[in-house]
Amino acid sequence: MRVPFIAGNWKMNKDREGTVKLAQDLKEKIGNEEYKGVEVGVCPPSVYLHAVGAELAGTPIGLGAQNMYHEDEGAFTGEISGKMLKGFKCKYVILGHSERRHILGETNHEVCLKVHAALNVDLTPIVCVGETLLERIQERTIEVIKEQISGSLAVLTAERASRIVVAYEPVWAIGTGKAATTEQAQEVHKAIRGTLKSRYGEEISSTIRIQYGGSVKPDNARELLSQEDIDGALIGGASLKADSFLGIIAAASSLAGEATAK
Ligand code: PGA
């Protein structure tokens, strides 16, 4: 069984005080019974990794970054390496988020270099893929996703693939309040799993977690997470408030509990 993975992407929000307060609020409650059976991570802005890491040390909440550069060190002004993120005790790094692809022009090739670099230092990459509204209207969703998967995961061995997480985030659903329907999401998740299966075989593809992201809230989380190939969620807006983030974790936890009881 795939352990559900709920990750918060805090993006470029909050000041230091607000960020630390959010981490404290999460840490206080995460041990409660209603949040059991779920892997939880938070990805604050890099300048707050140290402060949030200090708050979360010794808790079950893992620390993640929102991006990294593919080289370990050198003359790369403004960049941060995976090795540095490891120094902050990061476990995860979000790679190829649509805001980086579309606002900052990141390509599949760059994402791929970063995926390899992250795995080299034992960081778990959360590799994001997702179609734009135009691509969906043109009925090119699956084609675009397959292209992003093969480009972003080029020359990745099965052993390496077993250490990644994929996040399907339709660009039109991010921050818009308009989540994909469960059918739309499951259809793409199934296609992603199929693509992974054709590359890495049944055994590996059945263990890779595929998160859904895009306007996930406590009130739509259960329905989305109950789909066969949806193994967690990457949360933006709703992860900025402890109550709504915890509400989503509780939904994942209750589904995981029901699955184990079966
Ligand atoms: P959202 O963002 O939950 O605010 O839609 C999701 C994401 O960008 O990861």
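All figures in this text were calculated on a predicted structure; none of them were measured in a lab.

(A) Fine view of the overall build of the protein chain. In terms of regular secondary structure, the protein chain is built from 11 helices and eight strands. The C-alpha atoms of the protein chain give 17 Å as radius of gyration, which agrees with the globular expectation for 262 residues (18 Å, within 12%). Once the C-alpha set of the protein chain is aligned to its principal axes, its extents read approximately 50 × 45 × 35 Å. Classification of the 262 residues of the protein chain by burial places 52% in the buried group. The contacts of the protein chain with a sequence gap of at least 6 include a subset with a gap of at least 24, amounting to 73%. Working note: accessible area of the protein chain is about 12,000 Å², and carbon and sulfur atoms make up 53% of it. Treating the 30 positive side-chain charges of the protein chain as one cloud and the 34 negative ones as another, the clouds have centres 2 Å apart.

(B) Molecular detail of the layout of surface pockets. Taken as a whole, the largest pocket holds about 580 Å³ of empty space. Around the largest pocket, the lining comprises 23 residues; the ones closest to its centre are Met12, Gln66, Asn67, Arg100 and Leu104. Looking at the lining of the largest pocket residue by residue, the classes come out as 13 nonpolar, six polar and four charged. Considering only enclosed or pocket space, the second largest pocket measures out at about 420 Å³ in volume. Arg2, Leu225, Ile230, Leu255 and Ala259 are the residues nearest the centre of the second largest pocket, which is lined by 16 residues in total. No other element matches helix α11 (residues 242-261), which puts five residues into the lining of the second largest pocket. Considering only residue class, the lining of the second largest pocket consists of eight nonpolar, three polar and five charged.

Reading the values: rules and limits
Residues numbered from 1 in each chain as written. Predicted model: local features only at pLDDT ≥ 70, side-chain atom pairs only at ≥ 80, totals over all residues. Heavy atoms only, no water. Helix = DSSP H or I, 4+ residues; strand = E, 2+ residues; numbered from the N terminus. Rg over C-alpha atoms; globule rule 2.2 N^0.38 Å. Buried < 20%, exposed > 50% of the residue type's maximum accessible area, 1.4 Å probe, protein only. Contact = heavy atoms within 4.5 Å. Areas by Shrake-Rupley, 256 points an atom, 1.4 Å probe, with all protein chains shown as cover. Lys, Arg positive; Asp, Glu negative; His and termini not counted. Charge placed at Lys NZ, Arg CZ, Asp CG, Glu CD. 1 Å grid on protein atoms, 1.4 Å probe; cavity = no way out; pocket = protein on both sides within 12 Å on 5 of 7 lines; lining within 4 Å. Points joined across faces, edges and corners; volume = space filled by probe spheres on them. Nonpolar A, V, L, I, M, F, W, Y, C, P; charged D, E, K, R; others polar.

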